[in-house]
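Okay, here's what each chain looks like letter by letter:
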Amino acid sequence: MRALRVPRGLLFHDPLRWRLFSTPADLAEGKLRGFLEKNGLHADAPAPKQQPRLRQLFWVRVEDLPSREVRTRPGARFACACCGQSCQTMKLGPLLPADVERLRRADWNGTGRDRSTFFVDEHDQPLGEYSDAFLRREGSRCQFLRDDNLCEVHARFGAMTKPLMCRMFPYVFRATPAAVAVGMRLGECASAPAAAKGLPVVEQHDDLRRMLSEHDAIGLVPPSVWASPDRLITWEEYERIESDLLARPVGGFAAAVFRAFETAPSPKPGLDDLVAKIGLPNRPPRKLDPEAAELEDRFCRAVLFSKELFLHQDLARAAALLVIKAHLARIEVADGSPAAINQVWKTSADRPLRDLCRDLDVRGIAASIAAS
Ligand code: SF4
């Protein structure tokens, strides 16, 4: 069990029961001891039984984060290419109450727009009183996406009127005990080759801080994390491993991430079953052009820096899924160009790989891919 100091008190992380406990800052020593004893968090408490986990992130209010310093990946660049693809291929919500309010309050007079049709629920049905709001689509496109693929809300009222998710994409905030990492869902951007040559992300810190303050809560990586099902490491150890990985030269990145967390990999069959289950052609993975291989490497680095591995129960399993994802993309890709690999990563972003692999030995399959 490790504790984190946060502005309004302390967070205690119990990695075995997978729980986060919070206490107010001004709790007197005696009361704090009582709290720890009552919750089985003191040194003499019997070790609890390990509870199953689905992910390694806790949802924490922004004002309760241990640090609100934003940290971006050195050398990362991004500028939206305004291709409009995300506005016609991604889920358009859930929106924040402030997004809904801003769009409703904007001056739509004379535009022919009807505010009562702006929002729907997750299934594109009329918005119920308790449902999350999503932007209504016309066909597959957001209702505000113009024929020239620009956003009508942005054009009429400026960027700040757009929903936060539109301004955020492809950035994602993941809090850690040290800072808020600003990750990127680069593999989901349809124009990644061009967009990833845009503005240095480090020059966007003011905008990023503003967007962070608009969030109610974000996912926090706790101070102790599971590298594999039976290996707990500290956040500081994880950070060292991550920065060593990010300093590697281009090439073999997903396999290197896997080897960093999977200490005793033993290759197992099962890949062919998965390929057949997904309906991919039975052919070997394609060799990529150097530029496409570099783009694939960037996608994998973005996954690591975005702390996406923590969306799974342990880092070895998450890294195994990354190895498998990169391998499947190379099987699926039509040719070895950057545009083709970009398209496959984008279209496979919604594939429920985790569910498809539920009954498979993903670590064994990844070990066999990494060894080939
Ligand atoms: S509001 Fe604008 S940026 Fe957001 S999805 Fe619609 S068209 Fe795209």
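Structural data are supplied above this passage.
The notes below deal with the structure included here. (Residues numbered from 1 in each chain as written. Predicted model: local features only at pLDDT ≥ 70, side-chain atom pairs only at ≥ 80, totals over all residues. Heavy atoms only, no water.)

## Structural notes on the sheet that holds strand β12 (residues 217-220)
- Taken in spatial order, the 5 strands of this open sheet run β4-β12-β10-β11-β5, and their pairing is mixed. What marks the edges here is a single partner per strand, and that holds for β4 (58-61) and β5 (70-72). Neighbour to neighbour, the strand axes of the sheet diverge by 45 degrees on average, direction disregarded.
- Judged from the 5 bridges that link them, strand β10 (residues 171-175) and strand β11 (residues 180-184) form a sheet pairing that is antiparallel. Residue pairing in the sheet places A175 in a bridge with V180 of β11.
- Helix-sheet contacts for helix α11 (residues 290-305) involve β5 and β11, and the interaxial angle to β11 is about 150 degrees. (Pairing = 2+ DSSP bridges. Helix = DSSP H or I, 4+ residues; strand = E, 2+ residues; numbered from the N terminus. Axes fitted to C-alpha atoms, helices over the stretch in contact; angles between N-to-C directions. Contact = heavy atoms within 4.5 Å.)

## Topic: unusual backbone geometry
- Note the cis peptide between G93 and P94, where omega equals 0 degrees.
- For P94, the location among the structural elements is in the loop between α2 (86-89) and α3 (97-105).
- With an omega of 5 degrees, the peptide bond running from F169 to P170 counts as cis.
- If you trace the backbone, P170 turns up in the loop between α5 (164-168) and β10.
- Positive phi values are uncommon outside glycine, yet K307 reaches one of about 60 degrees.
- Locating K307 in the fold gives a position in the loop between α11 and α12 (315-332).
- Relative accessible area serves as the criterion here: at 2%, K307 is assigned to the buried category. (Buried < 20%, exposed > 50% of the residue type's maximum accessible area, 1.4 Å probe, protein only.)

## Description of the site of the ligand
- The full set of residues close to the ligand is C87, L92, L135, C142, F144, L145, C151, K162 and C166.
- Across the shell around the ligand, the residue classes tally to 8 nonpolar, no polar and 1 charged. (Near = heavy atom within 4 Å. Nonpolar A, V, L, I, M, F, W, Y, C, P; charged D, E, K, R; others polar.)

## What to know about the packing of aromatic side chains
- The full count for this structure, using the stated rule, is 14 aromatic pairs.
- Between W18 and F58, the ring centres sit 4.9 Å apart and the planes meet at 25 degrees, which makes this aromatic pair stacked. With W18 in the loop between β2 (9-14) and β3 (19-24) and F58 in strand β4, this residue pair connects regions lying 40 residues apart in the sequence. F58 shares its class with W18; the two are buried.
- Taking 4.9 Å as the distance between ring centres and 70 degrees as the angle between the ring planes, the aromatic pair formed by Y238 and F310 counts as edge-to-face. Of the two residues, Y238 sits in helix α8 (residues 235-246) while F310 sits in the loop between α11 and α12, which places them 72 residues apart along the sequence. For the pair Y238 and F310, one class covers both residues: buried.
- Aromatic ring contacts, followed pair by pair, group W108, F118, F119, F144 and F157 into a single cluster.
- The aromatic ring of W18 is capped on one face by R53, whose charged end is 5.7 Å from the ring centroid. (Phe/Tyr/Trp six-rings, centres within 6.5 Å; stacked < 30°, edge-to-face > 60°. Lys NZ or Arg CZ within 6 Å of the ring centre and 35° of its normal.)

Honestly, that's just the spatial picture; any functional story needs more than this.
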